[in-house]
Structures are given as structure tokens and as C-alpha cells.
Amino acid sequence: MTGRLFLLTVQFAMLLSGCEMDLSKENRLSTSKFGEMPDGRDITKYTITNKSGSSIEVINLGGIIVSINLPDLEGNMGDIVLGYDNVTQYLQESPYMGAIVGRYANRIANGKFSIDNEEYTLAQNNAPNALHGGLEGFDKKVWSASPFETNENAGVILSLISEDGDQGYPGSLKVEVTYTFDDQNQLTVDYKATTDKSTVINISQHSYFNLNGHNSGQIGDHEMMINANHYTPINDTLIPTGEIARVENTPMDFRKAKPINEDINTDFKQLEYGLGYDHNWVLNQDEFSQAAKVYAPKSGRIMEIYTDQPGIQFYSGNFIDGMSYGKDNFAYAKRGGFCLETQHFPDSPNHKNFPSTLLIPSETFESKTVFKFSVRQ
Ligand code: BGC
């Protein structure tokens, strides 16, 4: 049964019964073929459905979340992440939609960094800088996948070995990313990595959200709160200057929820550099806590993000240009979706005052981010 058919069947059964489905652990998860890599390897789609009929779909290419289907305030299901229907578009034209980005999410200045006085050079795939792990970052790799189901949730464990020298990074890195979707409409992303040689790591989830539906236009009306008193200003190539600046009295202040478009066109150098918001906020807490909350008045949908990471990149989809036709043949326009990427700060290896992204062989990198979805009535 295909994922979509499975979901329809669950929703139809719910309609008939008029109540919540009692999902036993056998039917939370279904798999189907999503497509094929150019070399013929199969790409599988995992559809995880919960008690209320909400679902997420994940593929083993790039750990990409291809859909998140949730009810709006009238109970209508809608898919709230941007994406594509096929492997080719994900490989050739996707601006990292839905993907796991790494080994180093966001930018490293001029594609260069050093560990113990040894300099490493990365592809300048976002000239003059390195972006999201390189030409073949984690978003373009085929991951091993092992799905699981329990009575409360279901998910997929994705794993990968990024060899020593992969994309220019030192050390053979073992990475594991686990997606878990539960009956409270919470999507948990657990990250784990170990290396056999000192390296840098910054790994994130790069979904583009539009809480009104992926095909509903722009996200300017979404009300956003970011739990941060500071952010890291950037230069004209979007590399942090190293300063930790206060958000107070600037358009970067999201401490109280405000519509994304409220200040986005303010005459402010940082917004000019990013063509809108494309910055890292320094989260107020560095232990697991709420980092951001977004509310879309039109649909009533709410997304809260909890993380243990020190930063979050809020990217308002400024470079989406309407040229790319996504799912349901919908042309995604500028600011048709936004990303909230929990992370360490961009270009940390070149800034001693930023929290370290160094991973050494005796340590295990572990991190957790939760996306909690609900509806305001
Ligand atoms: C970056 C943007 C970039 C986008 C897509 C985001 O994480 O902050 O600058 O354009 O990813 O590549």
C-alpha cells in the first residue's frame, strides 16, 4: 500500500468511526518506493501515522522529510512542508528542502578551517563560502534506514558513515539521526555522531514550513517568537562577523511574537545582507528548552521548537524564486516557506568566542530537537 493510500484509509476509517483510531503498533508505519537514485539504488518512503491521523513521510535520501500532514482549526488535513514528488528534483534543484544538513550546517568562511594547526579546505559551493556540508552533503546521501514502532510512537533510525576526507572534512564520522512521531503530534529528531579523528560537526534539519499548507503562498503573516536576546550579525556573504549583538530595538527582536513581515522590509543593513531574515539567533538557554514558537492565524496551526542547541537559524525563504515546481506541481515563491534550523553558530570553527563544534574521537555528539504541533481553536 502506498503511503498516501495508507493515510487516506486511516482517515476514512476515522470518519466512519467518528473517533480516534486505536492504532495498534502494527499499523503506525508503512513503507513504499519513492524512487530511484541515478545508479539504480531504491529510495524508500516511510509513512508514520499517529492516533489522530496526522502523519509524516520520510525518505532515506538525505533523511528528507517529504511531508507533514496535520489538521487545521477546522480539522482539515494539510501538508505543511515544502518539497518535491521525485528523487531527481531533490538531487538537482532542491534548496535542501526537508533534508538533514551536515557535516557542517550553514556556512564556513571561504571553505577553510583548521584543527590543531592543520588547515582543511572545503568546496566553496556557495561562493566564496562552503554551505551545508559541500557538493554532496548529508542531504544527497543515501542513508541506511531501520523503521520502528511502539504502542506510543513510530519512527525511523537513519545512519550513515561519512568517510575520512568526505567533502574535505577530516575523520570517518558515524552519524545516526532518529525521527520519532508520536500521538501528541510531536516530531522528535535525535542526533548522534562519533569520529575516529578530530573533526567539526554541526547538523540540522532543513524543513521549509508553511503552516497554512505548502501550497498556500507566503509566510509573512505567521507570528513568530524566538527565545533569544542576541543574534550573530553577518557580513555581505552571510558569514558572522563574530559579534554577539542585542536584538533590542532592532527588526531582529522576536522575543514577543510578531508577524514575520512586520519588520522584514525595514531599512536595516542586516536585512539587506540576508535579503530578509537569514541569521542565527543565540538562544537564551543552552539546555533543552523552548527555542521558538510560530502561529499561523489563517489555519490556526502552531509549531513549537524545543532544542538543546545554542542557536537557531531563522531563514525566511528569501532565495526561493518561483522557478521550482514542488509537490502537487505548485510553484514555490519567494518567502513561500521558512526554516528554523536548530544548530551551533555558522562558521564556528573560525570564531573562538562561539560554542565549539569540535568533535574528538573520545566523545559522542548527541543532540535533540522537538517540533511540537498543535492548533489554536
Ligand atoms: C541558509 C540560507 C540558504 C538556505 C538554502 C539556509 O540554511 O541560511 O542562506 O540560502 O539555507 O540553501
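Notes on the structure follow. In this text, all values refer to a predicted model and were calculated from it rather than measured experimentally. (Residues numbered from 1 in each chain as written. Predicted model: local features only at pLDDT ≥ 70, side-chain atom pairs only at ≥ 80, totals over all residues. Heavy atoms only, no water.)

1. Here's the deal with the nonpolar core
Then comes step 1: Ranked by size, the top nonpolar core spans 59 residues in total, and within it Ile-68, Leu-187, Trp-281, Met-303, Phe-314, Phe-338 and Leu-340 carry the most contacts.
Then comes step 2: Of the residues forming this core, the biggest block, five residues, is contributed by strand S13 (residues 173-182).
Then comes step 3: Not counting chain neighbours up to four residues away, the residues in contact with Trp-281 comprise Ile-226, Ala-228, His-230, Tyr-231, Val-247, Met-252, Phe-254, Pro-310, Gly-311, Ile-312 and Phe-314. (Core = buried A, V, L, I, M, F, W, Y, C linked by side-chain atoms within 4.5 Å. Buried < 20%, exposed > 50% of the residue type's maximum accessible area, 1.4 Å probe, protein only. Helix = DSSP H or I, 4+ residues; strand = E, 2+ residues; numbered from the N terminus. Contact = heavy atoms within 4.5 Å.)

2. A word on the pattern of salt bridges
Then comes step 1: Using the criterion set out here, one finds 15 salt bridges in the structure.
Then comes step 2: The partner of Lys-140 in a salt bridge is Asp-139, with the nearest N and O atoms 2.9 Å apart.
Then comes step 3: Under the relative-accessibility criterion, Asp-139 is labelled buried at 5%.
Then comes step 4: For Asp-253, the salt bridge goes to Arg-255, with nearest N and O atoms at 2.8 Å.
Then comes step 5: Overall, Asp-253 belongs to the buried group, its relative accessible area being 18%. (Salt bridge = Lys/Arg side-chain N within 4 Å of Asp/Glu carboxyl O.)

3. With respect to the site of the ligand
Then comes step 1: Neighbouring the ligand are 14 residues, the closest being Arg-107, His-132, His-206, Asp-278 and Glu-341.
Then comes step 2: Contact between the ligand and His-206: an oxygen atom at 2.9 Å from a side-chain N or O atom of the residue.
Then comes step 3: One of the side-chain N or O atoms of Asp-278 is found 2.4 Å from an oxygen atom in the ligand.
Then comes step 4: When the residues that make up the shell around the ligand are grouped by side-chain class, the tally is seven nonpolar, four polar and three charged. (Near = heavy atom within 4 Å. Polar contact = N/O pair within 3.5 Å; in protein donor to acceptor, adjacent residues only side chain to side chain. Nonpolar A, V, L, I, M, F, W, Y, C, P; charged D, E, K, R; others polar.)

4. Side note on the sheet that holds strand S12 (residues 153-162)
To summarise the sheet geometry, strands pair through backbone hydrogen bonds and adopt either a parallel or an antiparallel arrangement.
Then comes step 1: Ordered in space as S11-S12-S13-S14-S27-S23-S22-S17-S20, the nine strands form an open sheet in which the pairing is antiparallel. With partners counted over all chains shown, the strands left at the sheet margins are strand S11 (144-149) and strand S20 (258-259), one partner each.
Then comes step 2: With four bridges joining them, strand S17 (residues 223-226) and strand S22 (residues 289-295) adopt antiparallel strand pairing. Along S22, the bridge assignment pairs Ile-226 with Ala-292. (Pairing = 2+ DSSP bridges.)

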